[in-house]
Amino acid sequence: MTFHIPLWETTVLLLLGAVIVWPVFNYFRDRKRLRRFPAPSVAGFTNIWMMYQQYNHNRVLATHDAHQKLGKAVRVGPNHLSFISRQAVKDIYGHGTAAQKDKFYISFTGTHESSLDSTDRQAHGEKRKRLAAAFAQKRVSDMEYLVSDDVQKLVNRFDEAILNDKVINVRWYINMLLFDLTGHLVFSQSLGCVERGDDMMVAQKLDGTKYETKPANALRNSLRIGSTMGWAPSLFQLNKRLTWWHPGWKGGADFNSIVLHMVRTRLEKEQQGAELNDFFKSLVWTKDGGPLGLEIGEMVAECALLLNAGSDTTTIVLVGTMFLLTKWPDAAKKLREELDMALGDDFDGVPAFDSVKNLPYLRACVDEAMRMRPPLRGGLPRVTPKEGMQIDGEWIAGNTTVSVPTYSLHHDADLFKDPWTYRPERWLEENAAELQSVFIPFSAGGRGCIGRNVSYLELLVVVSTLMRRYDFEFEAGPGFELETKDTVNAHPGPMMMKLKRRKFGMDLEKVDSATA
Ligand code: HEM
């Protein structure tokens, strides 16, 4: 006797079981006691809620909305809790936390893990140690001349726009500047993006074939699809195959091919005996000058992270700072007074880092921009240890994903008074030290950003140069709002601006003839 198994019916039943019956069963079984936390929509049953929001650039705002309606601890996935509180920041991200990076990060892993996506504590420790020396304040300060050369090129571009009476997309040129800066700081390579006004770069396949491609959009597309699939890590490979057609996968491959070309070019220079003082050096040599012997795949993974983390994040903060200073003219006025005092009457070029690094209002303007518009605005997912852990006074079972959404934390009125007001002064007031423990644009603890020192060097030099030299106006008028599209990073949309050279204590004729 033979049994006939109806294929279609069986497939439909299996799908229904996987998508509806099993999640509902798990929800009510509630082995981790997560049902005590309220959840928006179907988030308690399925990761599809989070994936849908992520793909549609809406994860940050949907999570924020859930916190507004449901409280400071909410369930944003069947196995994911989101917390807003000072204690939760300490418990989840602080030094010595028992929480580890979540499997979400496999969505960034190529052939090798980088410092960012490595989930194993020991493996991460080794990678981090390697980079730490390169990112120390002293080493970073030695690279200052590279920063000023590149910023001067941006200034030339902006001057040219004034000369030709052109409106300029400030967001785009800042993005190009950050590619140039990262090319110099990481690889000692000139990418020439500001001068050309585009991000075209050479890429190289494993077999050595070269082609040209543009990384800005490729990276954005790649982060969009990768982060969406990251919310169902156990299905990542399957989902990747099912969405093979999505341009983000090719974008990610193109981005890595650009980095492969940079790595090979940089290694060739090394072989020719060049002594280059860049971040790449720490991937080739140990501290004592011995060869490190990393595989090329590992160098590419680490460098792709540096090119991505180094360019996108700082672009977002710079654009955010210029946007907010244009929106809040009182703050801009105060900043310019501080800069005018510090830099003297006859200088409006690119200031030395030393002359701006301790200006309190300048630093406050940048920090306030990072509070309101942090580049990574969503919660960075961590996982509790298998024995469970205490978070914000609640016992959370083992292997549960937990996070603090940076955007919601930075806009919590219990932590930051008038959170929607751009008020740099808050960072200069008596309780400023208290605010620092809930200010996490760079995350915190042992998995916090290693590039903090270099970011402040870039941010303070660029903001002081631009604010000192130019007056800015939005082309669309003062009501202009800057669009933001979240992937993992909060990518700003175009920011069309009219620029004017400022006239201050200098010989006015000199300024006029320079801009005529
Ligand atoms: C304002 C600029 C920047 C901001 C706001 C920022 C923010 C962050 C955040 C939030 C993380 C943690 C990510 C996570 O846990 O998922 C991170 C990690 C990291 N960032 Fe940055 N970043 C900035 C600039 C840079 C720069 C300029 C570099 C290097 C050129 C850099 C290199 C890294 C690296 C290597 C990591 C991984 C660290 C680890 O896991 O050990 N970042 N950054």
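Nothing here was measured: the structure is a model prediction, and the numbers come from that model.

Undergrad: For this particular structure, what's the right way to read the overall build of the protein?
TA: Helices and strands together make up the secondary structure of the protein, namely 21 helices and 14 strands. In terms of C-alpha radius of gyration, the protein reaches 24 Å, essentially the compact-globule figure of 24 Å for 516 residues. Seen through its principal axes, the protein has C-alpha atoms that stretch 100 × 55 × 45 Å. Counting only residues that meet the buried cut, the protein has 54% of its 516 residues in that class. At a minimum sequence separation of 6, the contacts of the protein that also span at least 24 residues come to 72%. Surface summary for the protein: the accessible area is close to 23,800 Å², and the carbon and sulfur share equals 56%.

Undergrad: Even after reading the chapter, I still don't get the pairing of strand 1 (residues 73-77), so can you show me in this structure?
TA: Successive residues of a regular strand alternate their side chains across the two faces of the sheet. Burial within strand 1 is extensive, with four of its five residues counted as buried. Where strand 1 lies against strand 2 (residues 80-83), four bridges are found, and the strand directions are antiparallel. By the bridge assignment, glycine 77 is partnered in strand 2 with histidine 80. Between the antiparallel neighbours strand 1 and strand 2 lie two residues.

Undergrad: Would you mind going over the packing of helix 8 (residues 170-187) against helix 14 (residues 296-327) with me for this structure?
TA: Relative placement of two packed helices is described by the angle separating their axes and the distance separating the axes. Helix 14 packs onto helix 8 with a crossing angle of 145° between their chain directions and a minimal axis gap of 9 Å. In this structure, helix 8 meets helix 14 at a crossing whose hand is right-handed. Between helix 8 and helix 14, the contacting residues are Arg171, Ile174, Asn175, Leu178, Phe179, Thr182, Val186 and Phe187 on the first element and Cys303, Leu306, Leu307, Gly310, Ser311, Thr314, Thr315, Leu318, Val319 and Met322 on the second.

Undergrad: What is the right way to look at the coordination of the iron atom of the ligand in this model?
TA: Each donor-metal-donor angle would ideally measure 109.5 degrees in four-coordinate tetrahedral geometry, or 90 or 180 degrees in six-coordinate octahedral geometry. Exactly one donor from the protein chain reaches the iron atom of the ligand: Cys449 (SG), at 2.3 Å. Mapped onto the elements of the fold, cysteine 449 is located in the loop between helix 19 (432-436) and helix 20 (452-469).

Undergrad: Quick question: what am I supposed to make of the confidence of the model for the protein here?
TA: As a note on interpretation, predicted positions should not be read in detail where pLDDT is low. Predicted confidence across the protein gives a mean pLDDT of 92, with 97% of residues reaching 70 or more. In the predicted assembly, ipTM is 0.98 and pTM is 0.94.

Undergrad: How do you make sense of the side chain of histidine 80 when you look at a structure like this?
TA: Its place among the elements puts histidine 80 in strand 2. Judged by relative accessible area, which is 5%, histidine 80 ranks as buried. At a separation of 2.9 Å, a polar atom in the side chain of histidine 80 contacts the side chain of serine 403. Setting aside chain neighbours within four positions, we find histidine 80 in contact with Met50, Val74, Arg75, Trp231, Thr401, Val402 and Ser403.

Undergrad: Sorry if this is basic, but what is going on with a nonpolar patch on the surface here?
TA: A grouping of Trp8, Val12, Leu13, Leu15, Leu16, Val19, Ile20, Val21, Val24, Phe28, Ile48 and Tyr52 is seen on the molecular surface, where their side chains present a nonpolar patch of about 1,300 Å² in accessible area. Breaking the nonpolar patch down by element, the ones donating at least two residues are helix 1 (7-29) and helix 2 (48-55). The dominant element in the nonpolar patch, judged by the number of residues it contributes, is helix 1, at 10 residues. Along the polypeptide, leucine 13 turns up in helix 1. For leucine 13, a relative accessible area of 61% translates into the label exposed.

Undergrad: Looking at this structure, I do not really get the sheet that holds strand 3 (residues 100-101). What am I missing?
TA: Working definition: the strands of a sheet are paired by backbone hydrogen bonds and lie parallel or antiparallel to each other. In spatial order, the strands read 1-2-10-7-3; together these five strands make up an open sheet with mixed pairing. At either end of the open sheet lies a strand with only one pairing partner, and these are strand 1 and strand 3. Direction of pairing for strand 2 relative to strand 10 (residues 401-403): parallel, over a ladder of three bridges. Directly across from serine 82, in strand 10, lies its bridge partner serine 403. Relative to strand 10, helix 4 (residues 86-93) is tilted by about 130°, and along the sheet it contacts strand 2, strand 7 (382-383) and strand 10.

Undergrad: In this structure, what is going on with the sheet that holds strand 14 (residues 496-501)? I would like to understand it.
TA: An order of 4-14-11 is seen for the three strands of this open sheet, with the pairing classed as antiparallel. Whereas interior strands pair on both sides, the edge strands pair on one side only; in this sheet they are strand 4 (168-169) and strand 11 (470-474). Of the strands in this sheet, strand 4, strand 11 and strand 14 touch helix 7 (residues 144-163), which is tilted by about 90° from strand 14.

Conventions used here
Residues numbered from 1 in each chain as written. Predicted model: local features only at pLDDT ≥ 70, side-chain atom pairs only at ≥ 80, totals over all residues. Heavy atoms only, no water. Helix = DSSP H or I, 4+ residues; strand = E, 2+ residues; numbered from the N terminus. Rg over C-alpha atoms; globule rule 2.2 N^0.38 Å. Buried < 20%, exposed > 50% of the residue type's maximum accessible area, 1.4 Å probe, protein only. Contact = heavy atoms within 4.5 Å. Areas by Shrake-Rupley, 256 points an atom, 1.4 Å probe, with all protein chains shown as cover. Pairing = 2+ DSSP bridges. Axes fitted to C-alpha atoms, helices over the stretch in contact; angles between N-to-C directions. Left-handed = near helix turned anticlockwise from the far one by under 90°. Donors = N, O, S within 2.8 Å, 3.2 Å for Na, K, Ca; no water. pLDDT = per-residue confidence, 0-100. Polar contact = N/O pair within 3.5 Å; in protein donor to acceptor, adjacent residues only side chain to side chain. Patch = residues over 30% accessible without salt bridge, like charges linked within 9 Å, V, L, I, M, F, W, Y side chains within 5 Å. Salt bridge = Lys/Arg side-chain N within 4 Å of Asp/Glu carboxyl O.

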